[in-house]
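# Tertiary structure, described
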Amino acid sequence: MSDTQEKVIQIAGSITVDELASALGLSVTTLIGQLFKEGIVATINQRLDYDTASIIIEELGIENVKLEKKNSATKISDNHRELSDKAVERPPVVAVMGHVDHGKTTLLDTLLNKKTVEHEAGGITQHISAYQLEHEGRKITFLDTPGHEAFAAIRQHGAMLTDIVVIVVAADDGVKPQTVEAIKFAQSANAKIIVAINKIDREGADIPRTMADLSQHGLQPEEWGGDITMVPISAKLGQNLNKLLDMILLIADMEELKADVDIPAEGLVIESHMETGKGSVVNLLVTGGELKTGEFIVAGSTYAKIRTMVDFKGRPKGKALPSTPVTVTGFKELPDFGDKFVEVADEKTARRQALLNAQGAADASASANVTSSDLLRMMNTADNSKVFNVLIKGDVLGSVTSVVDSLKMIDTHGEITLNIVATGVGDVTENDVYMATGGNTVIYGFNVTVPTNIAKMAARDNVPIRCYKVIYELLDDAKSEMENLLDAEIVEEEVGEMKIEGVFRTEKTSIIAGGEMLTGKVFSSVLGRVFHNKEEIGEVEVTSVQKEKMDVPELVAGEIGGLALKTEHKINLAIGDRIKFFTREEKKRKL
């Protein structure tokens, strides 16, 4: 670019190839050609994000151009609205988080006097579940969030929905990686934190040590001059649970939690799945207004006339106030987990708004067509990466989202590309098998079944279907499949060295020679590199070892003997040369 004055290009989120070419004063074909060189087949209307545009400008060597991020004012704040002076008190929404097996679900079981843990595969909570209980005449809404690290995506949504996070830490086990993760999520969501130090009835429980561990991660106990309430409990024995509930209500009072009721109902989708005879079954958390049966609501690109509404115990409800979790039927299609829902006046409005949302989602998807991470991955891996094709089926959308996100978290060091062929909710179908046929695709099912006729069809077409009820077992399988795609690691180990003192026969592919072992040992089938002075002149394989004209298993340091050697090319072995012997094996690599 000939202009000496610096040119500023502002990018709000993303920019099309056409717009960037125009701003740079280049032809569109030149820019598309550069993208093609970097492994991206782009169209004139394809959108590039800020980082990708930066990389392309750098690769083109264009100077005197400065990119600036332009703030987009279209982003909606995270599910918070300005309250009116008519806002009323609402129950606190509390997320229960922590490390696997530290007692989150047991705590809720005891509080709600119900049993869920035996229904969870592997004893680990697989979905977000929402419950509501009363304490001292006041309601508290609880979200039981999954504990396994694979469910980071769901748990992050869970934190965003909440006012208070109860982090459960086992007194006999202390702070673990998922405890730290829960702390980070709670802090990023600006939620108030209470720590429940659980399992104080266990041998080895050490409350002061647990507090010290937590203080190392920024949670200072009130007893030590900090601002974090820590309540020692035994979820199993029900010890100190009333105190924990008292603390939740105390913090709720201090936060003055309120919501408007005389507004159109709104809230968030916290789970959705299909049920035979019911169609779409969707769990909602009302955050404002008053949700009633018969009303029209829009969530993402779908809408519903609420046909039925029940509470977490399955009891019918005619209306639901803020901070109340309900399960509804009536959605035309499954809304996505985390979608915001809003009440609208009638079906015509609902249909129009859903279409507008769908168009907005399509535009957003287009804007993410090429990201910098995609570009860098393409530039780094080029044609060297192998592809692992998967098709994911889950019982509910939250599960599918979590499996997909978790698979993407498996670090393959750029050597393997994860290709998600398709995803869906429900049992494995004939169409799933068709999509996977001939493409080396593995179908993973999570909490779903495979009808007998589908299993037979898949076996006939050599399509592997693997169903799991525990997420980390599915991830372990996927990781193993990816490892099978990795090129094996070649491992060599030096075993000995011989100085050649006689060469008795040299042919095109074989040599018979003798000498003294200087170090280590030599044995049949071992490999060797031949050095003349310091120059390597070839590689050999030992086919037999002799000592005093007798075949022996090996020669060791200090012994003199003869070797029969096999070569691929003729090597002019000479007296005084040295052979360094080594073993070579292929080792399966791990991720």
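Along each chain, numbering runs from 1 in the same order as the chain's sequence is written. Only residues with pLDDT of 70 or above have their local features reported here, since the model is predicted, and side-chain atom pairs are shown and tallied only from 80 upward, although totals for entire chains, interfaces and linings are computed over all residues. Think of the side-chain values as coming from all heavy atoms in the structure, minus any hydrogens and water.

### Comments concerning the overall build of the chain
Looking only at helices and strands, the chain features 14 helices and 32 strands. Of the contacts formed within the chain by residues at least 6 apart in sequence, a portion of 70% connects residues at least 24 apart. Per element, the accessible surface of the chain, about 30000 Å² overall, is 47% carbon and sulfur. The way it works is that DSSP assigns letters per residue, a run of H or I at least four long becomes a helix, a run of E at least two long becomes a strand, and they are numbered from the N terminus. Contacts between residues were defined by any pair of non-hydrogen atoms, one from each residue, lying within 4.5 Å. Calculation of accessible area relied on Shrake-Rupley with a 1.4 Å probe; when residues are assessed, cover is drawn exclusively from the protein chains displayed.

### Quick word on the environment of Pro264
Here Pro264 lies in the loop between β12 (258–259) and β13 (266–275). Excluding its chain neighbours within four sequence positions, the residues that come into contact with Pro264 are Gly288, Gly289 and Glu343.

### Quick word on the sheet that holds strand β6 (residues 93–98)
Across the sheet, which stays open at both edges, the six strands sit in the order β7-β8-β6-β9-β10-β11 with mixed pairing between neighbours. Bordering the open sheet on either side are β7 (129–135) and β11 (229–232), each of which pairs with just one other strand. On average, each strand axis in the sheet is inclined to that of its neighbour by 25°, with strand direction left out of account. By the convention used here, strands pair only if DSSP detects at least 2 bridges between them. Bridge analysis of β6 against strand β8 (residues 138–144) gives four bridges, and the strand direction is parallel. Considered in β8, the bridge of Val96 is made with Asp144. For helices, the fitted line uses only the C-alpha atoms of the stretch in contact; every axis is such a line through C-alpha atoms, and the angle between N-to-C directions lies from 0 to 180 degrees.

### Structural notes on the packing of aromatic side chains
Aromatic rings from Phe, Tyr and Trp, with only the six-membered ring used for Trp, were paired whenever their centres fell within 6.5 Å, and each pair was classed as stacked if the ring planes differed by under 30 degrees, edge-to-face if by over 60, and tilted otherwise. All told, the structure shown has one aromatic pair when counted by the stated rule. Between Tyr131 and Phe312, the aromatic rings sit 5.6 Å apart at their centres with planes inclined by 80°, giving edge-to-face as the arrangement. Of this pair, Tyr131 sits in strand β7 while Phe312 is found in the loop between β17 (302–310) and β18 (319–320), placing the two residues 181 residues apart along the sequence. Exposure classes here rest on a 1.4 Å probe applied to the protein chains alone. A residue is buried below 20% of its type maximum, exposed above 50%, and partly exposed in between. According to the relative accessible area criterion, Tyr131 is buried, its value standing at 8%. Against the face of Phe582 rests Arg529, its NZ or CZ located 4.1 Å from the ring centre. Directly above the ring of Phe531 sits Lys580, whose terminal nitrogen or CZ lies 5.2 Å from the centroid. In this analysis the charged atom, NZ for Lys or CZ for Arg, is taken to sit over a ring once it is within 6 Å of the ring centre and within 35 degrees of the ring normal.

### Looking at the sheet that holds strand β20 (residues 340–344)
Pairing is antiparallel around the closed barrel formed by six strands, whose spatial order is β13-β14-β19-β17-β16-β20. In this sheet, adjacent strand axes meet at a mean angle of 45° when their direction is disregarded. Two strands pair when backbone bridges link them, and β13 and β20 are joined in this way by three bridges, in the antiparallel orientation. Bridge pairing in β20 links Glu266 to Val342.

### Concerning the pattern of salt bridges
In the sections that follow, a salt bridge refers to a side-chain nitrogen of Lys or Arg positioned within 4 Å of a carboxyl oxygen of Asp or Glu. Summed over the entire model, instances satisfying the criterion amount to 26 salt bridges. The residue Arg138 makes a salt bridge to Asp253 at a minimum N-O spacing of 2.7 Å. One end of the pair, Arg138, is in strand β8; the other, Asp253, is in helix α8 (residues 241–255), and 115 residues separate them in sequence. With its nearest N and O atoms 3.5 Å apart, the salt bridge here joins Lys176 to Asp173.

### Observations concerning the side chain of Asp163
Following the sequence through the fold, Asp163 ends up in the loop between α5 (152–160) and β9 (164–170). Looking at Asp163, the relative accessible area reads 17%, which means it is buried. For Asp163, the residues in contact, after removing those within four places along its chain, are Arg90, Pro91, Pro92, Val93, Ala191, Lys192 and Leu257.

### Describing helix α13 (residues 452–460)
Restricting attention to buried positions, one finds in α13 the residues Ile454, Met457 and Ala458. The arc that holds every buried residue of α13, seen down its axis, measures 100°, which confines them to one face. Exposed side of α13, more than 90 degrees from the buried face: Thr452, Asn453, Lys456, Ala459 and Arg460 are the residues found there. Residues of α13 that are buried sit in contact with α12 (430–436) and β24 (465–468). Backbone geometry just after α13 places Asn462 at a positive phi near 55°. Regarding the arc, it is the one traced by the directions from the helix axis to the C-beta atoms.

### Notes on unusual backbone geometry
Phi is positive for Ser525, which is not a glycine, with a value near 80°. Structurally, the position occupied by Ser525 is in the loop between β26 (510–523) and β27 (527–532).

### Comments concerning the packing of helix α11 (residues 397–408) against helix α14 (residues 471–485)
Relative to each other, α11 and α14 sit at 40°, their axes nearing to 11 Å. It follows from the interaxial angle that α11 and α14 lie oblique. Considering how the two elements wind past one another, α11 and α14 form a crossing that is right-handed. Counting all contacts with α11, which are made through Val403, Ser406 and Leu407, the residues of α14 involved are Ile471, Leu474, Leu475 and Ala478. Roughly parallel means an angle under 35 degrees; roughly antiparallel, over 145; roughly perpendicular, 65 to 115; everything else is oblique. Crossing handedness is defined as follows: a turn of the near helix away from the far one that is anticlockwise and smaller than a right angle gives a left-handed crossing, while the clockwise case is right-handed.

### Examining the packing of helix α4 (residues 104–112) against α8
Close contact between α4 and α8 brings their axes to 11 Å; oriented N to C, the two are set at 95°. Compared by their axis directions, α4 and α8 come out roughly perpendicular. Counting all contacts with α4, which are made through Leu107, Thr110 and Leu111, the residues of α8 involved are Leu241, Leu244 and Leu245. Polarity classes work like this: nonpolar for Ala, Val, Leu, Ile, Met, Phe, Trp, Tyr, Cys and Pro, charged for Asp, Glu, Lys and Arg, and polar for all others, with Gly in that last group. Among the residues forming the contact of α4 with α8, the class breakdown is five nonpolar, one polar and no charged.

### Overview of the confidence of the model for the chain
The predictor's confidence in any single residue is recorded as pLDDT, a number from 0 to 100. Per-residue confidence for the chain gives a mean pLDDT of 83; residues scoring 70 or more make up 85%. Low pLDDT, under 50, characterises residues 114–120; the predicted model gives this stretch eleven contacts beyond four residues in sequence or across chains.

### Some details on the nonpolar core
Core analysis: the biggest nonpolar cluster contains 24 residues, and Leu107, Ile140, Phe142, Ile194 and Ile248 have the highest contact counts within it. Looking at this core, the elements with two or more residues in it are β6, α4, β7, β8, β9, β10 (192–198) and α8. Element by element, the count of residues in this core is highest for α8, at six residues. Not counting the four nearest positions on each side in its chain, Ile194 is found in contact with Ile164, Val165, Val166, Ile167, Thr229, Val231, Leu244, Met247, Ile248 and Ile251. Within this scheme, the nonpolar core is defined by two criteria: the residues are buried Ala, Val, Leu, Ile, Met, Phe, Trp, Tyr or Cys, and they are joined through side-chain atoms within 4.5 Å. Core analysis: the next-biggest nonpolar cluster, separate from the first, contains 20 residues, Ile167, Ala182, Val195 and Ile197 among them.

### Here we look at the environment of Gly238
For Gly238, the location among the structural elements is in the loop between β11 and α8. Judged by its relative accessible area of 33%, Gly238 falls in the partly exposed class. Placed 127 residues apart in sequence, Gly238 and Leu111 show a C-alpha to C-alpha distance of 7.9 Å.

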